[in-house]
Amino acid sequence: MNITMLYSKLHRATVTDANLNYVGSITIDRDLLDAVDMRVGQKIDIVNVNNGERFSTYIISGERGKGDICLNGAAARKVHKGDKIIIIAYASMSTQEADNYKPKIVILEDDNSIADSFEGLE
């Protein structure tokens, strides 16, 4: 049996732009993707801390070191520039894998630089 578990998350990212006229997705700074081991094209959930919206989309890579967090397409209607969001990735694991897996958590500053990072929830 497999269960869906938290894989990694970017906590309290600041939305830097919302581009309604793009096809879709979220653009995330490549350095941030590397920090939480997320991949281009990966399905993720987004939680908007400011308004309570929860939605899913997929990742595209942004330029390294710019701190970009840009919601594109229809998702742009669910955020405003400056909103705080949580970007969550999940993985399907066997119960044995889940017992030993420690998700990667990265907490961000207001400018989307890394304030703290750690593995595990306990």
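Only a predicted model underlies this, so the values are computations on that prediction, with no experimental measurement involved.

Parameters at a glance
Residues numbered from 1 in each chain as written. Predicted model: local features only at pLDDT ≥ 70, side-chain atom pairs only at ≥ 80, totals over all residues. Heavy atoms only, no water. Helix = DSSP H or I, 4+ residues; strand = E, 2+ residues; numbered from the N terminus. Rg over C-alpha atoms; globule rule 2.2 N^0.38 Å. Buried < 20%, exposed > 50% of the residue type's maximum accessible area, 1.4 Å probe, protein only. Contact = heavy atoms within 4.5 Å. Core = buried A, V, L, I, M, F, W, Y, C linked by side-chain atoms within 4.5 Å.

A. Structural detail: the overall build of the protein chain. Secondary structure summary: the protein chain contains two helices and nine strands in total. Starting at the N terminus and ending at the C terminus, the protein chain contains elements arranged as β-β-β-α-β-β-β-β-α-β-β. Scaling as 2.2 N^0.38, a compact globule of 122 residues should have a C-alpha radius of gyration of about 14 Å, and the protein chain matches this with 14 Å. Its C-alpha atoms put the protein chain at 45 × 30 × 25 Å along the principal axes. Counting the 122 residues in the protein chain, one finds 43% classified as buried. Considering only residue pairs separated by 6 or more positions, the protein chain has 77% of its internal contacts joining residues 24 or more positions apart.

B. Summary view of the side chain of Ser25. You can see Ser25 is positioned in strand 3 (residues 25-29). Relative accessible area serves as the criterion here: at 1%, Ser25 is assigned to the buried category. Dropping the residues within four chain positions of it, Ser25 is found in contact with Thr57, Tyr58, Ile60, Cys70, Leu71 and Asn72.

C. Layout of the nonpolar core. Ile26, Ile28, Leu71, Ile85 and Ile87 are the most contacted members of the largest nonpolar core, which totals 26 residues. For this core, the elements supplying multiple residues, two or more each, are strand 1 (2-14), strand 3, helix 1 (30-36), strand 4 (43-48), strand 5 (54-62), strand 6 (69-72), strand 7 (84-94) and strand 8 (104-108). Of the residues forming this core, the biggest block, five residues, is contributed by strand 7. If we ignore the near neighbours within four places in the chain, the residues touching Ile26 are Ile44, Ile46, Thr57, Tyr58, Ile59, Ile60, Ile69, Cys70, Leu71, Asn72, Ile85 and Ile87. If you look at the next biggest cluster of nonpolar residues, it comprises five residues, including Leu6, Val47, Ile86 and Ile105.

D. Focus on the side chain of Thr27. By the secondary structure assignment, Thr27 is in strand 3. Given the relative accessible area of 14%, Thr27 is considered buried. Not counting chain neighbours up to four residues away, the residues in contact with Thr27 comprise Ile60, Ser61, Gly62, Asp68, Ile69, Cys70 and Asn72.

E. Highlighting unusual backbone geometry. In the Ramachandran plot, Arg12 falls in the positive-phi region, its phi being about 65 degrees despite a non-glycine side chain. Within the secondary structure layout, Arg12 lies in strand 1. One non-glycine residue, Asp37, lies in positive phi territory at about 60 degrees. Mapped onto the elements, Asp37 comes out in the loop between helix 1 and strand 4.

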